[in-house]
Amino acid sequence: GVHVIDAPVSGGWMGAATGELAVMVGGSDEAVAIARSPLERLGSLVAHLGPLGAGTAATGGISTAGIRTGSWTGATAAGGVKRSSSTGTGTSSR
């Protein structure tokens, strides 16, 4: 099966460097449960805000001085991971 989440982050480069980003997650309970462990490596706060799109909706897609908001949508399947973000897209396979 395929599970999809959206997981924008907030906290800037300093939060990223220290693993203290806030991660706002949208997706099904099952998809978020699968993704929670890797997301917790990125941030000190991982908040499941509702269905797919809720994480992105919570940010309003805004970037401000000192706080950058990026939106990642990850889909996992047997063959690989696809990532899209506001800075570009990429695909990797195992």
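Because the structure is predicted, anything quoted here is derived from the model rather than measured.

Engineer: Would you take a moment to explain the overall build of the protein for this structure?
Structural biologist: Looking only at helices and strands, the protein has 3 helices and 7 strands in total. Counted from the first residue to the last, the protein has its helices and strands arranged as β-β-α-β-α-β-α-β-β-β. Looking at the protein as a whole, 29% of its 94 residues are labelled buried. A separation of at least 24 residues holds for 45% of the contacts in the protein among residues at least 6 apart in sequence. In the structure as shown, the protein presents an accessible area of about 5,700 Å², 59% of it carried by carbon and sulfur atoms.

Engineer: Looking at this structure, how should I read the pairing of strand β4 (residues 43-50)?
Structural biologist: It is a general feature of regular strands that their side chains alternate between the two faces of the sheet. Of the strand pairs in this sheet, strand β3 (residues 21-27) and β4 are connected by 6 bridges, and their pairing is parallel. Along β4, the bridge assignment pairs Gly26 with Gly50. With helix α2 (residues 29-42) bridging β3 and its parallel neighbour β4, the resulting β-α-β unit is right-handed.

Engineer: I tried to follow the side chain of Asp6 on my own but got confused; where do I start?
Structural biologist: Within the secondary structure, Asp6 is located in strand β1 (residues 3-6). No salt bridge is formed by the buried Asp6. Its closest oppositely charged neighbour is Arg36, at 12 Å. A polar contact of 3.1 Å, which involves the side chain of Asp6, links it to the backbone nitrogen of Gly55.

Conventions and cut-offs
- Residues numbered from 1 in each chain as written.
- Predicted model: local features only at pLDDT ≥ 70, side-chain atom pairs only at ≥ 80, totals over all residues.
- Heavy atoms only, no water.
- Helix = DSSP H or I, 4+ residues; strand = E, 2+ residues; numbered from the N terminus.
- Buried < 20%, exposed > 50% of the residue type's maximum accessible area, 1.4 Å probe, protein only.
- Contact = heavy atoms within 4.5 Å.
- Areas by Shrake-Rupley, 256 points an atom, 1.4 Å probe, with all protein chains shown as cover.
- Pairing = 2+ DSSP bridges.
- Right-handed = clockwise from strand over helix to strand, strands pointing away.
- Lys, Arg positive; Asp, Glu negative; His and termini not counted.
- Salt bridge = Lys/Arg side-chain N within 4 Å of Asp/Glu carboxyl O.
- Polar contact = N/O pair within 3.5 Å; in protein donor to acceptor, adjacent residues only side chain to side chain.

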